[in-house]
Amino acid sequence: MPLSDETFERLMAAPNIAVLSTIGRDGAPHQAPVWYQWRDGALLIPTERRSQKWRNIERSPRVSICIDTREGPTRVALISGTAEEFPADYTEERRNFYERYHGDGTQAALDANPVDPADWVVIRVTPQRTITFGAD
């Protein structure tokens with residue numbers, strides 16, 4: 001049974017790990033676990049510019065994403081859409097992601113993982129099709 005809008009929004013608001021699927025150079029699927037944020041009807045995902053997923057998106061922006069609960073009750077969202085670079089200040093967006101996934105340990109996690117913002121990109125996935133199911 002499809003999830004209600006309220007349950008879908010709760011699923012998307014939780015700091016789950018999503019699985020992003022892109023299309024590799026040889027046409028084979030490439031899957032990667034990713035952090036995400038649901039904002040304004042789109043998914044935002046951080047990644048390094050040199051990552052395989054980003055290189056795949058640059059070649060072919062078609063992607064699919066699976067977001068699910070790993071513990072009961074089961075709730076699943078399968079999203080297919082197109083990906084593009086989200087024009088944003090990476091330093092600010094990175095803090096948002098770390099706060100989502102590290103909570104009170106945000107600053108320590110940021111300090112332990114320094115990056116050059118120029119080496120990173122935030123991907124925006126605009127859904128074209130969404131399938132949901134599970135316990136409401």
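Refer to the preceding data block for the structure.
Residues numbered from 1 in each chain as written. Predicted model: local features only at pLDDT ≥ 70, side-chain atom pairs only at ≥ 80, totals over all residues. Heavy atoms only, no water.

**So, helix α1 (residues 5-13)**
Thinking step 1. Residues of α1 that are buried include every one of T7, F8, L11 and M12, and no others. In a view along the axis of α1, the buried residues occupy a sector of 135°, so they form one face of it. Opposite the packed face of α1, turned more than 90 degrees from it, sit the exposed residues D5, E6 and A13.
Thinking step 2. Next to the buried residues of α1 lie β3 (37-39), β4 (42-48), β5 (62-68), β6 (75-85), α3 (90-102) and β7 (120-134). (Buried < 20%, exposed > 50% of the residue type's maximum accessible area, 1.4 Å probe, protein only. Helix = DSSP H or I, 4+ residues; strand = E, 2+ residues; numbered from the N terminus. Arc of directions from axis to C-beta. Contact = heavy atoms within 4.5 Å.)

**With respect to the packing of aromatic side chains**
Thinking step 1. Scanning all chains against the criterion turns up 4 aromatic pairs.
Thinking step 2. Where W35 meets Y98, the ring centres are 5.1 Å apart and the plane angle is 80°; that geometry is what we call edge-to-face. With a gap of 63 residues between them, W35 in the loop between β2 (29-34) and β3 and Y98 in helix α3 connect regions that are remote in the sequence.
Thinking step 3. Using a relative accessible area of 12% as the deciding quantity, one classes Y98 as buried.
Thinking step 4. Here the aromatic rings of W35 and Y101 are separated by 4.6 Å at their centres, their planes lie at 5°, and the arrangement is stacked. Residue W35 is found in the loop between β2 and β3, and its partner Y101 is found in helix α3; the two are separated by 66 residues along the sequence.
Thinking step 5. Taking relative accessible area as the criterion, W35 reaches 23% and is therefore assigned partly exposed.
Thinking step 6. Taking relative accessible area as the criterion, Y101 reaches 17% and is therefore assigned buried.
Thinking step 7. An aromatic cluster of at least three residues, connected via ring pairs, comprises W35, Y98 and Y101. (Phe/Tyr/Trp six-rings, centres within 6.5 Å; stacked < 30°, edge-to-face > 60°.)

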